[in-house]
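# Residue-level structure breakdown
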Amino acid sequence: MEPAVRKQKILAAIVESYIDTGEPVGSKSLISETGLNVSSATVRNDMAELTSLGYIVQPHTSAGRIPTAYGYRFYIDNVMKVAPISPQGRQYISETLQNSGDSPESILQGAADLLSKLTGRTALFTTPSGENSRIRKISFVQTGARSAMVILIASNGTIKTKLFRCEFLITPEILGVFDKALNEIFQGVKLSSVNQPFIQTAAVRFGELSLLMPSALMAIKDAAEQANTVSVCQSGRGKLAFAPDVNLNTSRSVIEFLNNERDLAVTLEKSPQHTAVTIGKENSRIELASNSVISTRYKIDGNPSGVAALITPLRTDYSKNISVLECVAECAGELIEELIEAK
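Counting restarts for each chain: residues are numbered from 1 in the order of the written sequence. For this predicted model, a pLDDT threshold of at least 70 governs which residues receive local features, and a threshold of 80 or more governs which side-chain atom pairs are given and counted, while totals over whole chains, interfaces and linings are taken from all residues. The basis for the side-chain values is all heavy atoms of the structure; hydrogens and waters are excluded.

## What about the pattern of salt bridges?
- Salt bridge criterion: a side-chain nitrogen from Lys or Arg within 4 Å of a carboxyl oxygen from Asp or Glu. Scanning the model with the defined rule gives twelve salt bridges in all.
- When the shortest N-O distance is used, the salt bridge between Lys221 and Glu225 registers 3.0 Å. Residue Lys221 and its partner Glu225 are both found in helix 9 (residues 214–227); the two are separated by four residues, about one turn of the helix.
- Relative accessibility under 20% of the residue-type maximum defines a buried residue, over 50% an exposed one, and the middle range a partly exposed one, all with a 1.4 Å probe and only protein chains included. For Lys221, a relative accessible area of 12% gives the class buried.
- A relative accessible area of 37% means that Glu225 is categorised as partly exposed.
- Between Arg285 and Glu287 there is a salt bridge, with the nearest N and O atoms lying 3.0 Å from each other. We count a stretch as a helix when DSSP gives it H or I for four or more residues in a row; a strand needs E for two or more, and each element gets its number in order from the N terminus.

Shown next, in the form of structure tokens:
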């Protein structure tokens, strides 16, 4: 066996053993686990070279070795194999998510809950991006003598509601007029285009009828802004504090970051379009410098949409977590697609 191949095999064995046991790995156990037909001295020399290259480290004198972030990086990129979820496992995930609800937000929250349960890690899902989404339909429901609710359905499946009040008594006939007139104006319009100038232009087009509509128009504007804003469904934040090998101060800073949904959403939206693992200081946020983030995208109409992610300690079962993450994200995307087609 070539020395380079042997060193790669030793590194892989150290990573996999440490992930499994959390214990430093010594040369004797490596020979047993890898079946290498070499002496302990040869393995120790290889381990010393891997240490000098920064792939592994000796936590204290006379201890075995554990992988560094650099070692995990090499292992993930060059050695690790990701096995797909079994058909039975996929069926369980799909059937569980089908009971999550009838909106993208409820499906994604259910997906985050399930992903956290299956992996024991902190799970995150962002709602579908509203960047290229358009208004599919606007409906109105009367809630009182002078109040009603606008229901905005976007092309990405997002549903947003907003209450509004009028200075006059509302009747079903008036809401019928609102429904017809406002759908003619707003259907097919990009969510990002529904701003104050657009609302003012729409009001001018309605002429005297616009005197009845100011509160309804502003409710539509507010609902469109909400539908265009990415939010984050989270589950398992408390697991950060109880994960093995995690510093409580570090986990506290991560939880504080998770509480800042705006920054969290921006960070997640920068994730690649494909499945990716960022380890330790590779993460753009200093709060995540002691964690790994595993991310992928769920798809809608075949196109990458929102982000699905796991926040884990550096010592985690990357292969298992990736396969579960990809399966949950794929099933969630399929359910959202079905929801959009049904509306």
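## Some thoughts on the layout of surface pockets
- Only protein atoms enter the 1 Å grid used here, on which a cavity is any set of points holding a 1.4 Å probe that cannot leave and a pocket is any open set flanked by protein within 12 Å on both sides along at least five of seven lines; residues with an atom within 4 Å of a point are listed as lining. Grid points are joined across faces, edges and corners, and a volume is the space filled by probe spheres set on the points. Approximately 390 Å³ is the volume found for the largest pocket.
- Elements supplying a minimum of two residues to the lining of the largest pocket: strand 9 (291–300) and strand 10 (303–313).
- Broken down by element, the lining of the largest pocket gets its largest block of residues, three residues, from strand 10.
- Residues of the lining of the largest pocket, tallied by class, amount to four nonpolar, eight polar and four charged. Amino acids outside the nonpolar list (Ala, Val, Leu, Ile, Met, Phe, Trp, Tyr, Cys, Pro) and the charged list (Asp, Glu, Lys, Arg) are all regarded as polar, and Gly is one of them.

## What about the packing of aromatic side chains?
- Centre distance within 6.5 Å is the pairing criterion for rings of Phe, Tyr and Trp, where only the six-membered ring of Trp is used; planes under 30 degrees apart are then read as stacked, over 60 as edge-to-face, and the remainder as tilted. All told, the structure shown has seven aromatic pairs when counted by the stated rule.
- Look at Tyr72 and Tyr318: their rings are 5.7 Å apart centre to centre, the planes differ by 55 degrees, and that puts the pair in the tilted class. One end of the pair, Tyr72, is in helix 4 (residues 69–78); the other, Tyr318, is in helix 13 (residues 318–342), with 246 residues separating them in the sequence. The pair formed by Tyr72 and Tyr318 is uniform in burial state, with each residue classed as buried.
- Residues Phe186 and Phe198 carry aromatic rings whose centres are separated by 5.5 Å and whose planes lie at 50 degrees to one another, so their mutual orientation is tilted. Remark: Phe198 occurs in helix 8 (residues 196–206) and Phe186 occurs in helix 7 (residues 172–186); sequence separation between them is twelve residues.

## Digging into the nonpolar core
- To qualify as a nonpolar core, a set must consist of buried Ala, Val, Leu, Ile, Met, Phe, Trp, Tyr and Cys residues joined through side-chain atoms within 4.5 Å. By size, the foremost hydrophobic cluster in this structure holds 53 residues, and its most contacted members are Ile10, Leu30, Leu97, Leu115, Phe125, Tyr318 and Val328.
- When residues of this core are assigned to their parent elements, the largest contribution, 13 residues, is made by helix 13.
- Counting residues in hydrophobic clusters, the runner-up holds 31 residues, among them Phe140, Cys166, Leu182 and Val194.

## Quick look at helix 6 (residues 104–119)
- End to end, helix 6 covers 22 Å across 16 residues, agreeing with the expected 22 Å (1.5 Å per residue, within 8%).
- Looking at helix 6, one finds that the buried residues are Pro104, Glu105, Ile107, Leu108, Gly110, Ala111, Ala112, Leu114, Leu115, Ser116 and Thr119.
- Following helix 6 by one or two positions, Gly120 has its phi on the positive side, about 75 degrees. A helix is expected to span 1.5 Å for every residue after the first.

## Focus on the pairing of strand 7 (residues 232–235)
- Burial of the side chains of strand 7 extends over both faces: Val232 and Gln234 are buried on one face and Cys233 and Ser235 on the other.
- Here, strands pair whenever DSSP counts at least two bridges between them. Where strand 3 (residues 122–126) and strand 7 come together, four bridges link them in antiparallel fashion. By the bridge assignment, Thr126 is partnered in strand 7 with Val232.

## Description of the sheet that holds strand 4 (residues 135–142)
- Read across the open sheet, the three strands follow the order 4-5-6; overall the sheet is antiparallel. Of all the strands in the sheet, the pair left with one neighbour each is strand 4 and strand 6 (159–165). Across this sheet, the average inter-strand angle for adjacent strands is 20 degrees, counted without regard to direction.
- In the packing of helix 9 onto the sheet, contacts are made with strand 4, strand 5 (147–154) and strand 6, and the angle to strand 6 comes to roughly 155 degrees. In this analysis an axis means a line fitted to C-alpha atoms, helices contributing only their contacting stretch, and an angle means the value between N-to-C directions, from 0 to 180 degrees. Only heavy atoms matter for contacts: two residues are in contact if any of them lie within 4.5 Å across the pair.

## Brief notes about the sheet that holds strand 7
- Overall, antiparallel pairing links the five strands, which are arranged 7-3-10-9-8 in an open sheet. Two strands in the sheet have a free side with no partner beyond their single neighbour: strand 7 and strand 8 (276–279). Sheet twist, expressed as the mean angle between neighbouring strand axes with direction ignored, is 20 degrees.
- Bridging between strand 9 and strand 10 involves nine bridges; their strand directions are antiparallel. Within the sheet, the bridge partner assigned to Ser295 lies in strand 10 and is Ala309.
- Here helix 6 sits on the sheet and contacts strand 3, strand 7, strand 9 and strand 10; the angle it forms with strand 7, its principal contact strand, is near 30 degrees.

On their own, these measurements won't tell you what the molecule is for.
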